[in-house]
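Understanding the architecture of this molecule
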Amino acid sequence: MPTDVARRIVHYVDDFKMSDERLAAQLDCSAVEAHGRYDVARDVVWDADVRKAMDELSRLAAERGMSVSELVEKFNA
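None of the values given here were measured: they were computed from a predicted structure. (Residues numbered from 1 in each chain as written. Predicted model: local features only at pLDDT ≥ 70, side-chain atom pairs only at ≥ 80, totals over all residues. Heavy atoms only, no water.)

Quick word on the overall build of the chain
To be explicit about the condition: Helix and strand labels come from DSSP, where a helix needs a run of H or I of at least four residues and a strand needs a run of E of at least two; each type is numbered from the N terminus. Our radius of gyration looks at C-alpha atoms and nothing else; its globule reference is 2.2 Å times the residue count to the power 0.38. The rule is simple: take the accessible area with a 1.4 Å probe, protein chains only, and divide by the maximum for that residue type; under 20% is buried, over 50% is exposed, in between is partly exposed. Contacts are assigned to residue pairs that have any heavy atoms within 4.5 Å of one another. Method for areas: the Shrake-Rupley scheme with a 1.4 Å probe, in which residue coverage is limited to the protein chains shown. In this tally, Lys and Arg are treated as positive and Asp and Glu as negative; His is ignored, and so are the chain termini. A single reference atom marks each charge: NZ on Lys, CZ on Arg, CG on Asp, CD on Glu.
Counting secondary structure elements, the chain contains four helices and zero strands. When the helices and strands of the chain are read in sequence order from the N terminus, they spell out α-α-α-α. A globule of 77 residues ought to have a C-alpha radius of gyration of about 11 Å, yet the chain, at 18 Å, is considerably larger. Over its C-alpha atoms, taken along the principal directions, the chain stretches across nearly 50 × 25 × 15 Å. The buried share of the chain, reckoned over its 77 residues, is 22%. Taking as baseline every contact in the chain between residues at least 6 positions apart, the subset at least 24 positions apart corresponds to 40%. For the chain, the exposed surface amounts to about 5,600 Å²; the carbon and sulfur share of it is 55%. Distance between charge centres in the chain, computed from 11 positive and 16 negative side chains, equals 5 Å.

A word on the confidence of the model for the chain
Going by this rule: Scored from 0 to 100, pLDDT reflects the predictor's confidence in each residue.
Per-residue confidence for the chain averages 96 on the pLDDT scale, and 100% of its residues sit at or above 70. No element of the chain has a lower mean pLDDT than helix α4 (residues 68–76), at 90, and none a higher one than helix α3 (residues 31–63), at 97.

Describing the nonpolar core
Selection criterion: Here the nonpolar core consists of buried residues drawn from Ala, Val, Leu, Ile, Met, Phe, Trp, Tyr and Cys, with membership extended through side-chain atoms lying within 4.5 Å.
Counting residues in each nonpolar core, the largest one holds 14 residues, and the members touching the most others are Ala 6, Ile 9, Val 10, Leu 23, Ala 34, Tyr 38 and Ala 41. Elements represented by at least two residues in this core include exactly α1 (3–16), α2 (20–27) and α3. Other than its neighbours up to four places away in sequence, Ala 34 contacts Asp 20, Leu 23, Ala 24, Leu 27 and Cys 29.

Some details on the pattern of salt bridges
Quick reminder of the rule: A carboxyl oxygen of Asp or Glu within 4 Å of a side-chain nitrogen of Lys or Arg is what we treat as a salt bridge.
Using the criterion set out here, one finds six salt bridges in the structure. Among the ionic pairs, Arg 59 bridges to Glu 63, the shortest N-O distance being 2.4 Å. Of this pair, Arg 59 and Glu 63 both sit in helix α3, four residues apart, which is roughly one turn of that helix. Arg 59 gets classed as partly exposed once you look at its relative accessible area, which sits at 39%. We classify Glu 63 as exposed; its relative accessible area is 53%.

Things to note about the packing of aromatic side chains
Formally: When two rings of Phe, Tyr or Trp (its six-membered ring) have centres within 6.5 Å they constitute a pair, described as stacked for plane angles under 30 degrees, edge-to-face for angles over 60, and tilted for the intermediate range.
Counted under the stated rule, the structure contains one aromatic pair. Pairing Tyr 12 with Phe 16 gives two aromatic rings, centres 6.3 Å apart and planes at 25 degrees, and the pair type is stacked. Placement of both Tyr 12 and Phe 16 in helix α1 is noted, with a separation of four residues, approximately one turn of the helix.

Remarks on unusual backbone geometry
Positive phi is not limited to glycine here, since Lys 17 has a value of about 55 degrees. Counting through the fold element by element, Lys 17 comes out in the loop between α1 and α2. Positioned with a positive phi, Asp 28 is a non-glycine residue whose angle comes to about 55 degrees. The exposed category is assigned to Asp 28, whose relative accessible area is 72%.

Below you can see the structure in the form of structure tokens.
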């Protein structure tokens, strides 16, 4: 599932509190399938956000000549 589609589905459910039935109408599928698509979308969004955070950590660590582990240790100290 493309990330932009996943973000839209998660936005509908989490921010608009859209029910499975209303989401199913938007996605033109059954409520059970809509709930499954939401679960997949939530995982896609989570993975994308984690990748973005790790990319930023890697960038910050590289700027400072450190590994990501060293940067995190320094932050937690």
